[in-house]
Amino acid sequence: QCIVDGPHFSYAYYLSVSNVVGAVGSIMGAIIFQYMQSWSFRGAFCVTACIQIFASVFDLMIVYRVNIRWGLSDEATYLFGDAACQSTAQMMATMPMAMLTARLCPRGAEATVFAILAGFQNFGSSVGSILGVLLSEGLEVTASAAGPCDFDRLGVLIILAHC
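Residues numbered from 1 in each chain as written. Predicted model: local features only at pLDDT ≥ 70, side-chain atom pairs only at ≥ 80, totals over all residues. Heavy atoms only, no water.

Quick look at the nonpolar core now. If you look at the biggest cluster of nonpolar residues, it comprises five residues: Tyr13, Ile62, Tyr78, Leu79 and Ala83. Among the elements that make up this core, the one with the highest residue count is helix α4 (residues 74–104) (three residues). (Core = buried A, V, L, I, M, F, W, Y, C linked by side-chain atoms within 4.5 Å. Buried < 20%, exposed > 50% of the residue type's maximum accessible area, 1.4 Å probe, protein only. Helix = DSSP H or I, 4+ residues; strand = E, 2+ residues; numbered from the N terminus.)

Next comes the structure, spelled out in structure tokens:
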């Protein structure tokens, strides 16, 4: 155990409960977006960025154990922040991008343009994962079942990763 008083979610909890809450959050994001359709794309992206920033605060609360001082369990804090708010914001960010793509692509090439953009999105996600690993190594945030573990700069890593 790297962190004695840290959150210790079971794998079943992480896969089942958080995925269900995340799916509900995505549905909420799609519903909220219905009311945002008349907004500008810039306004919609600003709102989703603010929701993502709000959700990342919950990650920091868990790392610095603020949630325990406030009487909130790790499970509830994680579910509300990472699973629900982040999924809601992700769906709210995806919807305007899809609409913008539909408006900008030429007639008859919608499927091709969508496939190209999906490929770029997957590539960007892979690059982001690699950069996250490099950033973790650079900040010397380590975790190993056999030890040693060092989470001293995990808060800084979370802030940089969300930027």
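Within the secondary structure, Thr77 is located in helix α4. For Thr77, a relative accessible area of 2% gives the class buried. Non-local contacts of Thr77, meaning those with residues more than four positions away in its chain, are made with Phe58, Met61, Ile62, Asn67, Leu72 and Asp82. (Contact = heavy atoms within 4.5 Å.)

Moving on: α4. If you check α4, its first and last C-alpha atoms are 43 Å apart, about what 31 residues at 1.5 Å a residue would give, namely 45 Å. Of all the bends in α4, the largest measures some 25° and sits at Gln86. (Expected span 1.5 Å × (residues − 1). Bend = angle between axes of the 7 residues up to and from the residue.)

This next bit is on unusual backbone geometry. A positive phi angle, near 65°, is found at Arg65, a position not held by glycine. Among the secondary structure elements, Arg65 is positioned in the loop between α2 (41–63) and α3 (66–69). Take Arg65: its relative accessible area is 14%, and that puts it in the buried class. You will see that Glu140, though not glycine, has its phi angle at about 60°, which is positive. With respect to the helices, strands and loops of the structure, Glu140 is situated in the loop between α5 (110–138) and α6 (154–162). According to the relative accessible area criterion, Glu140 is partly exposed, its value standing at 48%.

Function cannot be inferred from these measures alone, as they are strictly geometric.
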